[in-house]
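Architecture at a glance
Chain residues, written in single-letter form:
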Amino acid sequence: MPELPEVEILKRSLKKKIKFCKVAKIKIHNANLRYKVPQLINQNLKNHTVLNVSRISKYLIIDFNFSKKLLIHLGMTGTVHLVKKNNKKYTNASFYHSSSLPKKHNHIEIYFKNNIKMIYNDPRRFGYFKLFEKKYLLNNLIKNLGPDPFSSKFNYNYIKKFIQNKKIKIKILLMNQKFLGGLGNIYANEILYNCKLKPTKSVNLLTKKNIQNLIYQSRNTLKKAIKFGGSSIRDFKKTDGTSGNYQHNFNVYGKNNTNCPRYSCTGSIKKILISKRSSFYCPKCQT
DNA sequence: AAGAGGCCCTGATAGC
DNA sequence: TGCTATCAGGGCCTCT
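These remarks concern the structure in this document. (Residues numbered from 1 in each chain as written. Chains lettered and ligands numbered in written order. Predicted model: local features only at pLDDT ≥ 70, side-chain atom pairs only at ≥ 80, totals over all residues. Heavy atoms only, no water.)

The antiparallel open sheet is built from four strands, whose spatial order is β2-β3-β4-β9. Edge positions in the sheet fall to β2 (50–56) and β9 (128–133), since each has one partner strand and no second. Adjacent strand axes in the sheet meet at a mean angle of 25°, parallel and antiparallel pairs treated alike. Of the strand pairs in this sheet, β2 and strand β3 (residues 59–64) are connected by six bridges, and their pairing is antiparallel. Counted as the bridge partner of Ser54 is Ile61 from β3. Contacts between helix α1 (residues 4–18) and the sheet are confined to β2 and β3, with β2 contributing the most and set at about 170° to the helix. (Pairing = 2+ DSSP bridges. Helix = DSSP H or I, 4+ residues; strand = E, 2+ residues; numbered from the N terminus. Axes fitted to C-alpha atoms, helices over the stretch in contact; angles between N-to-C directions. Contact = heavy atoms within 4.5 Å.)

Take a look at the structure:
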């Protein structure tokens, strides 16, 4: 599920709904995520107020009115749901369609004092919750992450310098979080299609025009996905339980053996494996 | 330097 | 119906 657009959608929703909310308590039902969730998290966050919700790459950051921030990564299958208490029961209101609220794998619940509850659900448990000192977070997380695709740091000179003396496949480059923060398998495939670049192309063969177009298409593709509310393939849901819609706009992802959607191209989409990840492209117009 | 492979997990789907 | 195998959007790590 969660690549940059999905985390961005989540961030915007949380920002609207839990900003300035005060934590009443936190229940950990299963602490065994990618990293063990410390039981102390409850003592630490209790009675503190959410000041802001932000995103860096695929990471969600919740800022509180004390020295620590909560860092959330959704791994492969993490989702966040918000419910509201009415008449002693947590139900939909304008927050959630209770019929579709997951029953299994609700590992962490954050209760706020205004009767809102935030639920973290994650079947495969590849995600994590970590508390960080604000300074430590900035120094260590951001240092190891490439720029956000929308940041001005993601520019021609940066890319040129990064790929200097490298001969890796372009798709591997795009998915490398140290190069660029936020792309995963789906959007890497889609962006390369929009750039007419084949995923196995070696980065040392990229022209100046290729690189400039790559920047443009990365932003454009992600922007569109955000506009459509992200992609729901298996389990991505917005915090109100509804699905995103960008999956209907995929050109290549999951479309092997279908006709290339590009006007005037007669190719058909092919699936190959690159580092064991499914890669989809049109051999005719992506070169 | 680049790439392959393994590992952390559960669940959906396909094939028998 | 029920078994088993394969695959899945992430990100670590180690080995060659």
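The environment of DNA strand B is made up of Arg34, Lys104, His105, Pro123, Arg124, Arg125, Phe126, Asn165, Lys166, Lys167, Ile168 and Lys169. For DNA strand B, the fraction of protein-proximal atoms (within 4 Å) that sit in sugar or phosphate groups is 63%. Within the contact set of DNA strand B, a phosphate oxygen lies 3.1 Å away from a side-chain nitrogen or oxygen of Lys104. His105 places a polar side-chain atom, nitrogen or oxygen, 2.4 Å from a phosphate oxygen of DNA strand B. When its residues are assigned to classes, the surface near DNA strand B shows three nonpolar, two polar and seven charged. (Near = heavy atom within 4 Å. Polar contact = N/O pair within 3.5 Å; in protein donor to acceptor, adjacent residues only side chain to side chain. Nonpolar A, V, L, I, M, F, W, Y, C, P; charged D, E, K, R; others polar.)

Among the six residues in strand β4 (residues 68–73), five count as buried, and that is most of the element. Across five bridges, the pairing between β3 and β4 is antiparallel. Counted as the bridge partner of Leu60 is Ile72 from β4. In sequence, β3 turns back onto β4 through a hairpin of three residues. Sheet topology note: the β4/β9 ladder contains six bridges and is antiparallel. Within β9, the position partnered with Lys69 by the bridge is Phe132. (Buried < 20%, exposed > 50% of the residue type's maximum accessible area, 1.4 Å probe, protein only.)

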